[in-house]
Amino acid sequence: PALIGLVVLAGAPLAWSQSAPAPAPAPTVQAAPQPPAPPIYDYEIVNTYPHDPAAFTQGLIYRDGVLIESTGRHPSSVRRVRLEDGVVLEKKELPVEHFGEGLTDWGDRVLTLTWQGGQGFIWDADDLDPAGTWTYEGEGWGLTRDATRIILSDGSPSLRFFDPETLTQTGVVPVTYRGRPVPKLNELEFIDGEVFANVWQTNFILRIDPATGVVKGIIDLTGLLPDPVANPNDDVLNGIAWDPAGRRLFVTGKNWPRLFEIRLVPRP
Ligand code: DDQ
Ligand code: CA
């Protein structure tokens, strides 16, 4: 399949492309045709900005002209960050035992996840003052929202939906690439009706139809960061933010010294 070629090309083997079960023999009936490979997108760098290399980026959004970012490890934090020079304008730390994960906004609040333990935090979007907590089942990896729902990834091959007011789970959709489940969905961003999702420890962002979970496109960001990273297994692509007014797409990674505005270019 095309994706395995892509994976080899990128030098980042993906468990989900290798461990997928072999197709069962179809002795009497014709097997259903494999869904077609979705388009692949390369990138052009539009702008490069500084990014705090001490930020283990776990969640990223663009709101009211600034970035809001959550970080992991200990202590974890949420910050308001000036795009143009990467300056951290405001930073609040989580209780030190928590490992921060994804982040999204709803109204005048920011919601964040923690990795294990099912503990979420709520913050005032303007000054990041603590505004409460929430809980969910299982792990927390990525977070985004559409007009009516909070959308969560947990490392499994699915997206989960939550009511933004009650913060209770209302649904789940399996995520598939050509009919096969895709685990390790990490940071998320809802863009023009699709959920963009980093696949952890890869250079890929998937474009997912949230109604069906079908992967509609693959963005290959191989080669984006020119700098060497200290810990290649940990310092991976993570962080997608969208400026809907300016139609700008921002991406970064954990402990990356740069943040990029990119433009997608369909691969011929
Ligand atoms: N996750 O963000 C992909 C869900 C988990 C990343 C875990 C990375 C571990 C780094 C080492 C932690 C040391 C406290
Ligand atoms: Ca995001």
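Anything mentioned here points back to the structure above.
Here we summarise the structure given alongside this text.

Thresholds, definitions, all that
Along each chain, residues carry numbers from 1 onward, in the same order as the chain's sequence is written. Working convention: letters from A go to chains and numbers from 1 go to ligands, in the order in which they are written. Local features in this predicted model are restricted to residues whose pLDDT is 70 or higher, and side-chain atom pairs enter the listing and the counts only when it is 80 or higher, whereas totals over whole chains, interfaces and linings include all residues. Side-chain metrics in this entry use all non-hydrogen atoms of the structure; hydrogen atoms and water are not considered. Note that water is not among the atoms used; donors are N, O and S atoms within 2.8 Å of the metal (3.2 Å for Na, K and Ca), so sites may look incomplete. Geometry is assigned from donor-metal-donor angles: four donors are tetrahedral when every angle falls between 85 and 135 degrees, four are square planar and six octahedral when opposite donors sit over 155 degrees apart with all other angles between 65 and 115, and any other arrangement is irregular. A simple rule labels every residue: compare its accessible area, found with a 1.4 Å probe on the protein chains alone, to the largest value its type can have, and call it buried under 20%, exposed over 50%, or partly exposed in between. The salt bridge definition used is simple: a Lys or Arg side-chain nitrogen within 4 Å of an Asp or Glu carboxyl oxygen. Working definition: helices are DSSP H or I runs of at least four residues, strands are E runs of at least two. Numbering for both runs from the N terminus. Here a residue is near a molecule or strand as soon as one of its heavy atoms is found within 4 Å of it. Identification of polar contacts relies on pairs of N or O atoms within 3.5 Å, with a donor-acceptor requirement for protein atoms, meaning one able to donate a hydrogen and the other able to accept it, and with residues adjacent in sequence counted only if both atoms are side-chain atoms. Areas reported here follow the Shrake-Rupley algorithm with a probe of radius 1.4 Å; residue values treat only the protein chains shown as occluding. Charged residues are taken to be Asp, Glu, Lys and Arg, nonpolar residues to be Ala, Val, Leu, Ile, Met, Phe, Trp, Tyr, Cys and Pro, and polar residues to be all remaining types, Gly included. Only centres within 6.5 Å qualify two rings of Phe, Tyr or Trp (six-membered ring in Trp) as a pair; their planes then separate them into stacked at under 30 degrees, edge-to-face at over 60, and tilted for everything else. Pairing between strands is defined by DSSP: at least two bridges between them are needed.

**What about the coordination of the calcium ion (ligand 2)?**
Donor atoms from the polypeptide that bind the calcium ion (ligand 2) are L60 (O), E187 (OE), E187 (OE), L188 (O), E189 (OE) and I240 (O), placed at 2.4 to 2.9 Å. Classification of the site at the calcium ion (ligand 2) rests on its six donor atoms, whose angles at the metal span 47 to 172°, yielding the label irregular. In terms of primary sequence, the donors binding the calcium ion (ligand 2) are separated according to L-x126-E-L-E-x50-I. The burial state of L188 is the same as that of E189; both residues are buried.

**What about the pattern of salt bridges?**
Pairing is possible between side chains that carry opposite charge, provided their charged atoms lie close to one another. Applying the stated criterion across every chain, the model contains 18 salt bridges. D105 is the partner of R63 in a salt bridge, and the nearest nitrogen-oxygen pair spans 2.8 Å. With R63 in strand β2 (residues 57-63) and D105 in strand β6 (residues 100-106), this pair connects stretches of sequence that are 42 residues apart. For the pair shown, R63 and D105 are each scored as buried.

**Brief notes about the site of ligand 1**
The immediate surroundings of ligand 1 are formed by F56, Q58, R73, H74, F99, E101, W115, W141, N186, W200, D234 and K254. Interatomic distance of 3.4 Å between a side-chain N/O atom of Q58 and an oxygen atom of ligand 1. For ligand 1, the protein covers 79% of the area, taking 440 Å² as the surface of the free molecule. Considering only residue class, the shell around ligand 1 consists of five nonpolar, three polar and four charged.

**As for the packing of aromatic side chains**
All told, the structure shown has eight aromatic pairs when counted by the stated rule. Ring geometry for Y62 versus F250: centroids 5.5 Å apart, planes at 35°, classification tilted. In this pair, Y62 sits in strand β2 while F250 sits in strand β21 (residues 248-253), placing the two residues 188 residues apart along the sequence. Here Y62 matches F250 in class, with each residue buried. Joined through ring pairs, the aromatic side chains of F56, F99 and W115 make up one cluster.

**Notes on the pairing of strand β16 (residues 185-191)**
Along β16, six of the seven residues are buried, which leaves the element largely enclosed by surrounding structure. In terms of strand pairing, β16 meets strand β17 (residues 194-199) through five bridges, oriented antiparallel. By the bridge assignment for β17, I191 is matched with E194. The hairpin formed by β16 and β17 contains two residues between the paired strands, and D192 there has a positive phi angle of roughly 50°.

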